[in-house]
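Letter by letter, the chains look like this.
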Amino acid sequence: MEHSFSINWGEVSASGEFPHGWQIFALWPAPVNEDECFAAAGFTHFKYEDEGWSEQHWDEQAEILQQRLLAAFSALASPALLGEPLRGKRSMLRFWQPGEPLPLAEQLRWPILHDSLPEVAIRFGDAAELRAGSGHELYWIGLSPHSPLSFDALLAQVAIGWPVKQVQLDWSKLGMHHAQT
């Protein structure tokens, strides 16, 4: 039986979504919900197959992973949201004013939970970028050639206490498009 929460990662070839010359990685917790995109990409560790899986435990661990990612990248530079922020509900008393932007963790979380929301991209100075969305619990990580943080060091920081497994998938099935050469 596989562990009820683990970290999977893979190296992604050049992508049009990230600046030229950056190293790109995918990182996601497993097992995942039964998902056509993950299955089409070649992934096989789904929740229904994992006897040790608990939804509450898994959700708590996924939130810890997200917090660790944001903390590791925020230590490099202040985060800057690329694109329009997601906003909270408007007050009934001020219905004509737009709602306040959601906190950074929610900007990252909601597009993972709802595929109807646009992908989120957060830049951390000139060192790194974190992207997520499409309703997948999957983080696209870009590290610039100038980043003081290597992917191995990042993985060591965020995966403390969880098994780690490198997995290569067909990234295009999960929304990552290769750069035109």
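Residues numbered from 1 in each chain as written. Predicted model: local features only at pLDDT ≥ 70, side-chain atom pairs only at ≥ 80, totals over all residues. Heavy atoms only, no water.

Student: How should I be thinking about the nonpolar core in this particular structure?
Tutor: One broad trend across soluble globular proteins is that nonpolar side chains are buried collectively. Leu27, Leu69, Phe73, Tyr139, Ile141, Phe151 and Leu154 are the most contacted members of the largest nonpolar core, which totals 31 residues. Of all the elements in the fold, those that place two or more residues in this core are strand E1 (6–12), strand E2 (23–30), helix H2 (55–74), helix H3 (104–113), strand E4 (120–124), strand E5 (128–133), strand E6 (136–143) and helix H4 (151–158). Per-element accounting of this core gives the leading share, seven residues, to H2. When near neighbours in sequence (up to four residues on either side) are disregarded, Leu27 contacts Ile7, Asn8, Trp9, Leu65, Leu69, Leu138, Tyr139, Ile141, Phe151, Leu155 and Val158. Core analysis: the next-biggest nonpolar cluster, separate from the first, contains 19 residues, Phe38, Phe43, Trp140 and Leu169 among them. (Core = buried A, V, L, I, M, F, W, Y, C linked by side-chain atoms within 4.5 Å. Buried < 20%, exposed > 50% of the residue type's maximum accessible area, 1.4 Å probe, protein only. Helix = DSSP H or I, 4+ residues; strand = E, 2+ residues; numbered from the N terminus. Contact = heavy atoms within 4.5 Å.)

Student: Which parts of the structure should I look at to understand the confidence of the model for the chain?
Tutor: As a general rule, the predicted coordinates of low-pLDDT regions are not to be interpreted in detail. Summarising the model, the chain shows a mean pLDDT of 85, and 86% of its residues fall at 70 or more. No element of the chain has a lower mean pLDDT than H3, at 87, and none a higher one than H4, at 96. (pLDDT = per-residue confidence, 0-100.)

Student: Looking at this model, I keep getting lost on the packing of H2 against H4. Mind explaining?
Tutor: Any two packed helices are characterised by the angle at which their axes cross and by the distance between the axes. Following both chains from N to C, one finds H2 and H4 inclined at 135°, their axes separated by 9 Å at the closest point. As far as their axial angle goes, H4 and H2 are oblique. Pair H2 / H4 crosses with right-handed handedness. Every residue of H4 that contacts H2 at Leu65, Arg68, Leu69, Ala72 and Phe73 is listed here: Leu154, Gln157 and Val158. (Axes fitted to C-alpha atoms, helices over the stretch in contact; angles between N-to-C directions. Parallel < 35°, antiparallel > 145°, perpendicular 65-115°, else oblique. Left-handed = near helix turned anticlockwise from the far one by under 90°.)

Student: Whenever I open this one, unusual backbone geometry confuses me. Can you help?
Tutor: Excluding glycine, residues mostly have negative phi values, and the peptide bonds linking residues are mostly trans. That bond from Ala30 to Pro31 is cis: its omega, 5°, falls within 30 degrees of zero. Among the secondary structure elements, Pro31 is positioned in the loop between E2 and helix H1 (36–41). Non-glycine residue Ser134 carries a positive phi angle of around 65°.

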